[in-house]
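Residue-level listing of the chains:
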Amino acid sequence: VIIVVDTSGSMMGTPYEGSKLYWAMQGAQACLDALTERDYVGIMTLADDYVEEMTLTPRTQRDKILYIIASMEESARDGTIETGGTIFSAAMERAGKALAARSDIEKKHIIIVTDGEPSGGDKEYYQYWAKENAKMDVTMSIVGISTTMDAKNEMVDLLVNYAGCKEENFIAVSQSDYSKLPTLMRENLEVPEIKSV
């Protein structure tokens, strides 16, 4: 699994604790609990461009993974984390290619955690990469944090009509339910289509 965390300006908050980004990072940590020792995890961020924070790393290196997440959180607290717009396509392309390149991995999945407000002009590109990733047997989920109805509909359309996934692969989390986000992300990785080999 590659977890892609949106760090665009709309995800940030002051203070960092309790912000959309804070809960996205908590969700990334929770995903580790759904993975086995045979699994690999990568972490990316997306804003105006993507940053590959950690390439696919064995789940057995849990301490390293948690260190990377803690470093990302520190960057968010001190304001040095990459921010800007919300460009999905470049991150989707890189994550899909990184997963597809691994012939030793059976199930390949991307989770994008976002407030679901992609920047204008990116739509045709992220739709294209959703289709390309599906051709490479890379599945996708999107966790929408306080998304608008329009953004939710757009993300569901992306999953169902381009990525070849089910509508249930969109997980909506409202502000009153932010604390449930880690559990929802962990449970998402435990569905049979993703977990079973």
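Whatever comes next refers back to the structure up there.
Residues numbered from 1 in each chain as written. Predicted model: local features only at pLDDT ≥ 70, side-chain atom pairs only at ≥ 80, totals over all residues. Heavy atoms only, no water.

Draft legend 1. Structural detail: the overall build of the protein. Of regular secondary structure, the protein possesses seven helices and six strands. If you list the helices and strands of the protein from N to C, you get β-α-β-β-α-α-β-α-β-α-β-α-α. Compactness check: the protein gives a C-alpha radius of gyration of 15 Å against a globular reference of 16 Å for 197 residues, within 12% of the reference. Projected onto its principal axes, the C-alpha coordinates of the protein cover approximately 40 × 40 × 30 Å. Among the 197 residues that make up the protein, the fraction classed as buried is 50%. For the protein, contacts bridging at least 24 residues in sequence account for 75% of all contacts bridging at least 6. Summed over all atoms, the accessible surface of the protein reaches about 9,000 Å², with 46% contributed by carbon and sulfur. (Helix = DSSP H or I, 4+ residues; strand = E, 2+ residues; numbered from the N terminus. Rg over C-alpha atoms; globule rule 2.2 N^0.38 Å. Buried < 20%, exposed > 50% of the residue type's maximum accessible area, 1.4 Å probe, protein only. Contact = heavy atoms within 4.5 Å. Areas by Shrake-Rupley, 256 points an atom, 1.4 Å probe, with all protein chains shown as cover.)

Draft legend 2. Structural context of the nonpolar core. Formed by 34 residues in total, the largest nonpolar core has its most connected members in Ile3, Met25, Val41, Ile111, Val113, Val143 and Met185. Listing elements by their share of this core, those giving two or more residues are strand E1 (2-6), helix H1 (20-31), strand E2 (40-46), helix H2 (62-78), strand E4 (108-114), strand E5 (138-145), strand E6 (170-173) and helix H6 (181-188). Sort the elements by how many residues they give to this core and H1 lands first, with seven residues. For Val143, the residues in contact, after removing those within four places along its chain, are Ile111, Ile112, Val113, Thr114, Ile171, Val173, Leu181 and Met185. If you look at the next biggest cluster of nonpolar residues, it comprises 27 residues, including Val4, Met44, Ala130 and Cys165. (Core = buried A, V, L, I, M, F, W, Y, C linked by side-chain atoms within 4.5 Å.)

Draft legend 3. How the structure looks around the sheet that holds strand E3 (residues 50-58). Read from one edge to the other, the open sheet built from six strands follows the order E3-E2-E1-E4-E5-E6, with strand pairing classed as mixed. Both edges of this open sheet fall to E3 and E6, since each of them pairs with a single strand only. Sheet twist, expressed as the average angle between the axes of neighbouring strands with direction ignored, equals 15°. Pairing between E1 and E2: five bridges, direction parallel. Across the sheet, residue Val4 finds its bridge partner in E2, namely Met44. (Pairing = 2+ DSSP bridges. Axes fitted to C-alpha atoms, helices over the stretch in contact; angles between N-to-C directions.)

Draft legend 4. Quick peek at the packing of aromatic side chains. Taken as a whole and judged by the stated rule, the model has four aromatic pairs. Both rings, one in Phe88 and one in Tyr126, keep their centres 5.5 Å apart while their planes meet at 45°; by these two values the pair is tilted. Of this pair, Phe88 sits in the loop between H2 and helix H3 (89-100) while Tyr126 is found in helix H4 (residues 123-135), placing the two residues 38 residues apart along the sequence. Taken individually, Phe88 and Tyr126 each receive the classification buried, so the pair is uniform in this respect. Here Tyr128 and Trp129 contribute two aromatic rings whose centre-to-centre distance is 5.1 Å and whose plane-to-plane angle is 85°, an arrangement assigned as edge-to-face. A relative accessible area of 40% means that Tyr128 is categorised as partly exposed. Assessed through its relative accessible area of 14%, Trp129 is described here as buried. Among the aromatic residues, ring-to-ring pairing joins Tyr16, Tyr22 and Trp23 into one connected group. When the ring centre of Tyr40 is taken as origin, the NZ or CZ atom of Arg102, which lies over that ring, is 4.5 Å away. (Phe/Tyr/Trp six-rings, centres within 6.5 Å; stacked < 30°, edge-to-face > 60°. Lys NZ or Arg CZ within 6 Å of the ring centre and 35° of its normal.)

Draft legend 5. Geometry of the packing of H4 against helix H5 (residues 149-161). Across the interface, H4 lies against H5 with an axial gap of 9 Å and an inter-helix angle of 35°. For the pair H4 and H5, the contacting residues are Lys123, Tyr126, Gln127 and Ala130 in the first and Glu154, Met155, Asp157 and Leu158 in the second. When grouped by side-chain class, the residues that make up the contact of H4 with H5 number four nonpolar, one polar and three charged. (Nonpolar A, V, L, I, M, F, W, Y, C, P; charged D, E, K, R; others polar.)

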